[in-house]
Amino acid sequence: MVKLSKRTAKSARLVRDAQMTQQQILDAAESEFSRHGLNGARLSAIAQIAKVTTATVHYYFQSKESLYKAVLQRPVDEVQTILGQFNFDSLSPEEALKQVIRIAIANEAQNPQRQMLWFQEASQNQGAYFKECNVASLHEHLLKILERGIVEGDFRPLNPFLALTHILSVCLFYFTVHQNWKHLTPEIDRLSPDMIEEHTLEAIAFILAAVKRATTS
């Protein structure tokens, strides 16, 4: 077993502490930006939620704008990492599509506030910062699955980008309207594991019924 020097151990601890502090700030900023957008969010509120000083926020992210950019980029990077762990080409187009639907819904269920983050960006900034996040790199996985399914005859002829738009709408709108719809049925926890699984199964069935080529009897 290799024993680290005191200097090396201290350096590793400082790096770890810095990473934890940055994550705390990003978590707090995501919450604040999701509620108020870039224009309404306050660095003092973010610092208070993160339990750090405003000076610490400035130290790691320089400005509110650069922090906002980091908050928008984080979910894109996280989902790209998840998608990169799968070899969709080894699956049939139908099975690959099911897997993408599960990934999309599971990720949103863990981060339900993120749909409001994207809504605030569209509403306040008309996507000015969104276009810098390379979201298209995430879409490539689903577009490739749809295009392969069409070529192999599993899916009906369709416009892949429009199909992608419709598929993501089925998966994600559930979370966009959660804060409103929870008042319609207050007795149901729509973010519970059971409800998320039901949403997932229904989304898979709905989407496959829409994209699969009709079989002739």
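From a predicted model like this one, the values you see are computed outputs, not experimental measurements.

**Q** Give a detailed account of the overall build of the chain, specifying residues and quantitative values.
**A** Scanning the chain from N- to C-terminus turns up ten helices and zero strands. In sequence order, the chain lays out its α and β elements as α-α-α-α-α-α-α-α-α-α. Viewed in the frame of its principal axes, the chain has a C-alpha envelope of about 70 × 50 × 35 Å. A buried classification covers 38% of the 217 residues belonging to the chain. Placing the 23 positive and 23 negative side-chain charges of the chain at their respective mean positions leaves the two points 10 Å apart.

**Q** Run through the packing of aromatic side chains, naming residues and quoting values.
**A** This structure, assessed with the given rule, holds seven aromatic pairs. Taken together, a centroid distance of 5.6 Å and an interplanar angle of 90° make the contact between Trp118 and Phe130 edge-to-face. Here Phe130 lies in the loop between helix 6 (114–125) and helix 7 (136–151) and Trp118 lies in helix 6, a separation of twelve residues in the sequence. Owing to a relative accessible area of 35%, Phe130 belongs among the partly exposed residues under this scheme.

**Q** Just give me the short version of a nonpolar patch on the surface, but keep the residues and values in it.
**A** Where nonpolar side chains cluster on the molecular surface, the patch consists of Phe173, Trp181 and Leu184 and spans about 360 Å² of accessible area. When its relative accessible area of 44% is taken as the criterion, Trp181 is described as partly exposed.

**Q** Which residues make up the packing of helix 2 (residues 43–50) against helix 3 (residues 54–61), and what values go with them?
**A** Between helix 2 and helix 3, the least distance of the axes is 8 Å, while the angle of their chain directions is 100°. With respect to helix 3, the axis of helix 2 lies roughly perpendicular. The residues of helix 3 that touch helix 2, namely those facing Leu43, Ser44 and Ala47, are Thr54, Val57 and His58.

**Q** Give me the pattern of salt bridges: which residues, what numbers.
**A** All told, the structure shown has twelve salt bridges when counted by the stated rule. One salt bridge connects Asp27 with Arg74, and the closest N-O pair in it is separated by 2.9 Å. Taken together, the residues Asp27 in helix 1 (residues 6–40) and Arg74 in helix 4 (residues 64–83) connect sequence positions 47 residues apart. Notably, a salt bridge pairs Arg74 with Glu30, separated by 3.2 Å at the nearest N-O pair.

**Q** An account of the environment of Arg156 is needed here, citing residue identities and associated values.
**A** When you line up the elements, Arg156 lands in the loop between helix 7 and helix 8 (160–176). Remark: the alpha-carbon pair of Arg156 and Leu146, spanning ten residues in sequence, is separated by 9.6 Å. Here Arg156 is in contact with Ile150, Ala210, Val211, Lys212 and Arg213, once residues within four sequence places are set aside. Of the polar contacts made by the side chain of Arg156, one reaches the backbone oxygen of Ala210; its length is 2.7 Å.

**Q** Before we move on, can you summarise unusual backbone geometry with the specific residues and values?
**A** Unusually for a residue other than glycine, Gln62 sits at a positive phi of about 65°. Mapping Gln62 onto the fold places it in the loop between helix 3 and helix 4. Taking relative accessible area as the criterion, Gln62 reaches 54% and is therefore assigned exposed. Despite not being glycine, Asn134 shows a phi value in the positive range, around 55°. Inspection of the secondary structure assignment puts Asn134 in the loop between helix 6 and helix 7.

**Q** Could you give me a rundown of the side chain of Glu32, with the residues and numbers involved?
**A** Along the chain, the position of Glu32 falls in helix 1. You can call Glu32 buried: its relative accessible area is 4%.

**Q** Residue-level account of the nonpolar core, with values.
**A** Counting 53 residues, the largest nonpolar core has Phe33, Ile46, Leu67, Leu97, Ile101 and Ile167 as the members making the most contacts within it. With sequence-adjacent residues up to four places away left out, Ile46 is seen in contact with Ile25, Ala28, Ala29, Glu32, Phe33 and Leu67.

**Q** Could you give an account of the confidence of the model for the chain, with specific residues and numbers?
**A** Caution is warranted with low-pLDDT regions, since their predicted coordinates should not be read in detail. Residue-level pLDDT values for the chain average 91, and 92% of them are 70 or greater. Here helix 1 stands out as the least confident element of the chain, with mean pLDDT 81; helix 10 (residues 193–211) is the most confident, with 97.

**Q** Outline helix 2, supporting the account with residue identities and numerical values.
**A** Listed in full, the buried residues belonging to helix 2 are Leu43, Ala45, Ile46, Ala47 and Ala50. Two residues or fewer after helix 2 comes Lys51, characterised by a positive phi angle close to 60°.

Basis of the calculations
- Residues numbered from 1 in each chain as written.
- Predicted model: local features only at pLDDT ≥ 70, side-chain atom pairs only at ≥ 80, totals over all residues.
- Heavy atoms only, no water.
- Helix = DSSP H or I, 4+ residues; strand = E, 2+ residues; numbered from the N terminus.
- Buried < 20%, exposed > 50% of the residue type's maximum accessible area, 1.4 Å probe, protein only.
- Lys, Arg positive; Asp, Glu negative; His and termini not counted.
- Charge placed at Lys NZ, Arg CZ, Asp CG, Glu CD.
- Phe/Tyr/Trp six-rings, centres within 6.5 Å; stacked < 30°, edge-to-face > 60°.
- Patch = residues over 30% accessible without salt bridge, like charges linked within 9 Å, V, L, I, M, F, W, Y side chains within 5 Å.
- Areas by Shrake-Rupley, 256 points an atom, 1.4 Å probe, with all protein chains shown as cover.
- Salt bridge = Lys/Arg side-chain N within 4 Å of Asp/Glu carboxyl O.
- Axes fitted to C-alpha atoms, helices over the stretch in contact; angles between N-to-C directions.
- Parallel < 35°, antiparallel > 145°, perpendicular 65-115°, else oblique.
- Contact = heavy atoms within 4.5 Å.
- Polar contact = N/O pair within 3.5 Å; in protein donor to acceptor, adjacent residues only side chain to side chain.
- Core = buried A, V, L, I, M, F, W, Y, C linked by side-chain atoms within 4.5 Å.
- pLDDT = per-residue confidence, 0-100.

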